[in-house]
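Tertiary structure, described
What follows is the residue order along each chain.
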Amino acid sequence: MADKNKNSGFTIKLKHLLIVVFIFISAVPLFFSLQYLNQYAQNQYREQVGEKLEALSLIAKQRILTSVARLEDSAALIASRTQMRAYLAQWGQQQSPELLEQINKIIFDASAAVPHLHEISLYNNEGAPLTSTIEASLEEKLLSPPVKGTKVQAEPFENSLLLTAVTPLILDRKKVGYLKVAFFADFLLELIEERAGLGTTGEWLIVTRSAEGHALFVTPLKYDKNAAFTRIIDKAQIDIPTTQALLGNEILMDQAPDYMGQPVMAYTRYLPKQDWGLVVKMHESEIAQLTVEFKRVLLLLETVIIALAVIIGVIVSFYIAMPIERLRSFTQKVSSGDYSHNVEPSGWLEAKELTHSFNTMTKSLRDLNENLLKKVEERTQELDKANQRLLELANKDELTGVNNRRYFEERLGQEIKRAKRNGSSLALVMLDLDYFKVVNDTWGHLAGDQVLKTVSQKLQYCLRDTDIIARIGGEEFCLVMPDGSYDGVIAHLERIRIDIAALKIIYESHDISISCSMGLAFCRESDTIQSLMERADDALYLSKNAGRNKLSDENGVVQSVMASNTEAKKTGE
Ligand SMILES: Nc1nc2c(ncn2[C@@H]2O[C@H](COP(=O)(O)OP(=O)(O)OP(=O)(O)O)[C@@H](O)[C@H]2O)c(=O)[nH]1
């Protein structure tokens, strides 16, 4: 039945079931949560990079605007010199070397106080060069000067970059010429060199619009040092951040191609007054690399957390299952009858209570078992006694208490064997009370019983421990006397015969006397129980025939010297 239950269906140990359940309810959701967190964190990280690019580009744009405004202010301050404009107006009328000298004096004076200055040049109304703090500048005509206000533009200069501010000079509401102030644009070069927070691939791009409307780089590039005023991006390539910047869009671009076709994350800015585009960008590969690092850390964390969840799961499962496992093996012992053990209560509260109940139950079973064993032992002892008693009853004569015929024959057989084996002597005596019928007839059957009991007691008293006495008939007894010499046995039997004859048995105030006749036979090698008893019986017959109260062997009546003396005393001979 137990095997049938064991084999029916799928079986699983509680601790294993708990481990599986625990992993499913903790580690699996944890795994998916961490995966989601991983994805979420990556997106967050990309968003952070985007926000950083947006913030950095805004700051850079403000820095450029501020710097340009400062240049414009410097140019405006020089243009505001009235004397210079007055001389320039006179120059239109009369062109004298003295006048030019006066003009030169003013612009050289002005140049001394302006930081980062490259040149100050003056042009006439048609844009033709008039004078300059730098000789070389007098060779070129002013290209498309502004009608009104100041026009700032970037120009290459040797290995450097110039920002020129061209402004019309007005005197008494009449234009008298143009002022061009050129500054070294060190702040722009410093800006593009500053790549803090942009990783190893981050870069600043500043573009202006070429004559054809394409994006023309004004500063050297990280990956192309000669790009300034040489490299362009076709205006048709609108997915490129620099094009978007010049289109006036200030946006974050994901996976956009840069000037080398590499995918980048970029933020575009536009400076409308200067018609410049400003772009800050980082390679997508570097951002991905950073998220890969992050991912790796998260994966490690994930592994540690899940491993911890599994370990905790296993520990918890064992914590729950172990008390039950212990109780199971305990109940197995109890069911096999071993009540000697107790289980130490451990684990969770209910398990402790259950263990305590099991211990109490086992103690009750143990006590019950011990009581049962004690009772069984008592009953067994009683039974043994009863059996002993039964055996005694089966072997004893009920009236006299001496052995009965059944026991006698059994013992006689053993004694014959023993005597033959040891070569020792064995005497068998048949003893019969004389005229017992007369006792019965005279004093009654109960008196006869009393005589039988008294003679039995006398015989028991007279015989040795090794001798056997048995009542084998109504008034007939048998004596088995091992290891005695012929003379010794004769003397002993004569003493018994005389003692019995001397007995005064009192029954209901009557004195009753009795005598006995005995037949003696010593065991021979050829004897059986039957033959030995027959020979003893024959000897008894001789005693009876000889007048009773005699001891005979196979040769006739024997009388010891002691008996002869005793009987002689009695008769007075
Ligand atoms: N009271 C009593 N008498 C018994 C018992 N068993 C046998 N008897 C009597 O013993 C008597 C035996 O008588 P007999 O066989 O004639 O022997 P006897 O009278 O002793 O004469 P001899 O043996 O020839 O000397 C009978 O009267 C039996 O009834 C017993 O258990 N109790």
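These figures come from a predicted structure and were not determined experimentally. (Residues numbered from 1 in each chain as written. Predicted model: local features only at pLDDT ≥ 70, side-chain atom pairs only at ≥ 80, totals over all residues. Heavy atoms only, no water.)

**Things to note about the site of the ligand**
Among the 16 residues in the neighbourhood of the ligand, the closest are listed as Phe436, Asn440, His445, Arg471 and Arg548. Within the side chain of Asp449, a nitrogen or oxygen atom sits 2.9 Å from a nitrogen atom of the ligand. Take Glu475: an N or O atom from its side chain is 3.4 Å from an oxygen atom of the ligand. For the ligand, the accessible surface in isolation is 660 Å², of which the surrounding protein chains cover 67%. Residue assignment for the shell around the ligand shows that the elements contributing at least two residues are strand E12 (426-433), helix H10 (436-443) and helix H11 (445-462). Element by element, the count of residues in the shell around the ligand is highest for H11, at 4 residues. Here the shell around the ligand is built from residues that sort into 4 nonpolar, 4 polar and 8 charged. (Near = heavy atom within 4 Å. Polar contact = N/O pair within 3.5 Å; in protein donor to acceptor, adjacent residues only side chain to side chain. Areas by Shrake-Rupley, 256 points an atom, 1.4 Å probe, with all protein chains shown as cover. Helix = DSSP H or I, 4+ residues; strand = E, 2+ residues; numbered from the N terminus. Nonpolar A, V, L, I, M, F, W, Y, C, P; charged D, E, K, R; others polar.)

**Quick word on the UniProt feature "transmembrane region" (unreviewed entry) in the chain**
Taken from the UniProt record, the annotation "transmembrane region" (unreviewed entry) applies to residues 16-37 and 297-322. Annotated as residues 16-37, this span is 100% helix and 0% strand, and its ends, taken at the C-alpha atoms, are 30 Å apart. This span, residues 297-322, is 100% helix and 0% strand, and a straight line between its end C-alpha atoms measures 37 Å. (UniProt positions renumbered as here; feature names shortened; annotations may be inferred.)

**So, unusual backbone geometry**
In the Ramachandran plot, Asp172 falls in the positive-phi region, its phi being about 50° despite a non-glycine side chain. Its location among the elements puts Asp172 in the loop between strand E4 (160-171) and strand E5 (174-184).

**Thoughts on the side chain of Ser317**
The topology assignment puts Ser317 in helix H7 (residues 284-335). Judged by relative accessible area, which is 2%, Ser317 ranks as buried. Ignoring anything within four residues of it in the chain, the contact list for Ser317 reads Lys15, Leu18 and Ile19. (Buried < 20%, exposed > 50% of the residue type's maximum accessible area, 1.4 Å probe, protein only. Contact = heavy atoms within 4.5 Å.)

**Remarks on the sheet that holds strand E9 (residues 252-257)**
In space, the 6 strands of this open sheet follow the order E8-E7-E6-E11-E10-E9, with antiparallel pairing throughout. The two strands at the open ends of the sheet, each matched to only one other strand, are strand E8 (232-233) and E9. Bridging between strand E6 (residues 203-209) and strand E7 (residues 215-217) involves 3 bridges; their strand directions are antiparallel. Bridge pairing in E7 places Val207 opposite Phe217. Relative to strand E10 (residues 263-271), helix H2 (residues 14-79) is tilted by about 30°, and along the sheet it contacts E6, E9, E10 and strand E11 (276-283). Strand contacts of H7: E9, E10 and E11, with the helix running at about 40° to E11, the strand carrying the most contacts. (Pairing = 2+ DSSP bridges. Axes fitted to C-alpha atoms, helices over the stretch in contact; angles between N-to-C directions.)

**Section: the environment of Leu459**
Relative to the helices and strands, Leu459 resides in helix H11. Contact partners of Leu459, with chain neighbours within four places excluded, come to Leu431, Ile469, Phe477, Leu479, Ile496 and Ile500.

**Considering the sheet that holds E4**
The antiparallel open sheet is built from 5 strands, whose spatial order is E2-E1-E5-E4-E3. Of all the strands in the sheet, the pair left with one neighbour each is strand E2 (129-132) and strand E3 (151-157). Ignoring which end each strand starts from, the neighbouring axes of this sheet average 25° apart. Bridging between E3 and E4 involves 7 bridges; their strand directions are antiparallel. Bridge pairing links Ala154 to Leu163 in E4.

**Quick word on the pattern of salt bridges**
By the definition in use, this model includes 31 salt bridges. Measuring nitrogen to oxygen at the nearest pair gives 3.0 Å for the salt bridge that ties Lys437 to Asp441. Highlighted residues: Lys437 and Asp441, both in helix H10, separated by 4 residues, approximately one helical turn. Like Lys437, the residue Asp441 is exposed in the burial classification. Arg497 is the salt-bridge partner of Glu494, the closest N and O atoms lying 2.9 Å from each other. Here Arg497 and Glu494 lie together in helix H12 (residues 486-501), a separation of 3 residues that amounts to about one turn. (Salt bridge = Lys/Arg side-chain N within 4 Å of Asp/Glu carboxyl O.)

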